[in-house]
Amino acid sequence: MDYTIICLKNEPERLQQAASWFHEKWGIPLEAYLESMKDSLQENAVVPRWYMAMDGETIIGGLGVIENDFHNRPDLAPNVCAVYTEPDRRGLGIAGTLLHFVCDDMRTQGIDTLYLVTSHTGFYERYGWRYFCPVYCDGEDTPSRMYIHE
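Remember, predicted model here, so these are calculated numbers, not experimental data. (Residues numbered from 1 in each chain as written. Predicted model: local features only at pLDDT ≥ 70, side-chain atom pairs only at ≥ 80, totals over all residues. Heavy atoms only, no water.)

**Student:** Explain the side chain of S144 residue by residue, including any values.
**Tutor:** Residue position: S144 is located in strand β7 (residues 144–149). A distance of 3.3 Å separates a polar atom in the side chain of S144 from a polar atom in the side chain of E140. The residues touching S144, leaving out its near neighbours within four places in the chain, are V117, T118, C133, P134, V135 and C137. (Helix = DSSP H or I, 4+ residues; strand = E, 2+ residues; numbered from the N terminus. Polar contact = N/O pair within 3.5 Å; in protein donor to acceptor, adjacent residues only side chain to side chain. Contact = heavy atoms within 4.5 Å.)

Structure representation (C-alpha cells):
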C-alpha cells in the first residue's frame, strides 16, 4: 500500500481538511480541533502536533499529540490522542507506522516519553508501548489504561 505520513506543521494548508476529518471520527467539536491545530502551527510549538497518513489527497489515518487527553493525571504528558485508521484500511500497519513516526518526530523535538490513554489491550504493545497505570477520563466512572512509550 502506498501512503505518506505528514505532520500538519509541515503542510498547514491541510488544516481545515484535518480538523474536519478528526471531528468526523471522534465527535469532538470542530472548533476544538481547529484551535489545537492552529496552536500546532505556531513557530516554536512542539505540542500540540497533528499527523495524518495520506493516500494521495485522502486522509486514511491520523493521530495527535496534546498535553492531556481528558484524564486526571496532568503529570503524564504529552499524550498521543485520536489514533484512528479508516475501517477499510485497518490491518495494514498504518496505525503502527503513525505511532513509530510520532515517537521518532517527538524525539527529534526533545520529547522521549509519550503517554496514551486507551481501553484497548494488546494493540499498542505491538508498537513498543507498555501499560503504565489506570487513569480516570473526564465523565467516566471506570478507569482507562494509560500506556507509556520511552
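**Student:** For the pairing of strand β2 (residues 49–55), give the residues involved together with the corresponding values.
**Tutor:** With six of seven residues buried, β2 lies mostly within the body of the structure. Relative to β2, strand β1 (residues 4–7) runs antiparallel, the two sharing four bridges. Residue pairing for β2: C7 is matched across the bridge by Y51. Where β2 meets strand β3 (residues 58–66), seven bridges bridge the pair, whose relative direction is antiparallel. Considered in β3, the bridge of M52 is made with G62. What sits between the antiparallel neighbours β2 and β3 is a turn of two residues, in which G56 has the positive phi angle 65°. (Buried < 20%, exposed > 50% of the residue type's maximum accessible area, 1.4 Å probe, protein only. Pairing = 2+ DSSP bridges.)

**Student:** Now, about the state of the cysteines: what can you tell me, with residues and values included?
**Tutor:** Under the definition given, this model contains zero disulfides. For the unlinked cysteine C81, the closest cysteine sulfur is that of C137, found at 12 Å. The thiol sulfur of C137 is not disulfide-bonded, and the nearest other cysteine sulfur, from C133, lies at 11 Å. Relative accessible area serves as the criterion here: at 11%, C137 is assigned to the buried category. (Disulfide = S-S within 2.5 Å.)

**Student:** Outline the layout of surface pockets, listing residues and values.
**Tutor:** Here the largest pocket defines a volume of roughly 950 Å³. If you trace the largest pocket, you find 37 residues lining it, with W26, A82, V83, V117 and Y124 closest to the centre. Counting residues per element, the ones that place at least two in the lining of the largest pocket are α2 (30–40), β4 (79–85), α3 (94–108) and β5 (114–118). Ranked by residue count, the leading element in the lining of the largest pocket is β4, at six residues. (1 Å grid on protein atoms, 1.4 Å probe; cavity = no way out; pocket = protein on both sides within 12 Å on 5 of 7 lines; lining within 4 Å. Points joined across faces, edges and corners; volume = space filled by probe spheres on them.)

**Student:** Hey, could you go over the pattern of salt bridges for me, with residue numbers and the actual values?
**Tutor:** Across all of its chains, the model carries nine salt bridges by this definition. Between D105 and R49 there is a salt bridge whose closest N-O contact spans 3.1 Å. Taken together, the residues D105 in helix α3 and R49 in strand β2 connect sequence positions 56 residues apart. Classification of R49 by relative accessible area gives buried; the value is 5%. (Salt bridge = Lys/Arg side-chain N within 4 Å of Asp/Glu carboxyl O.)

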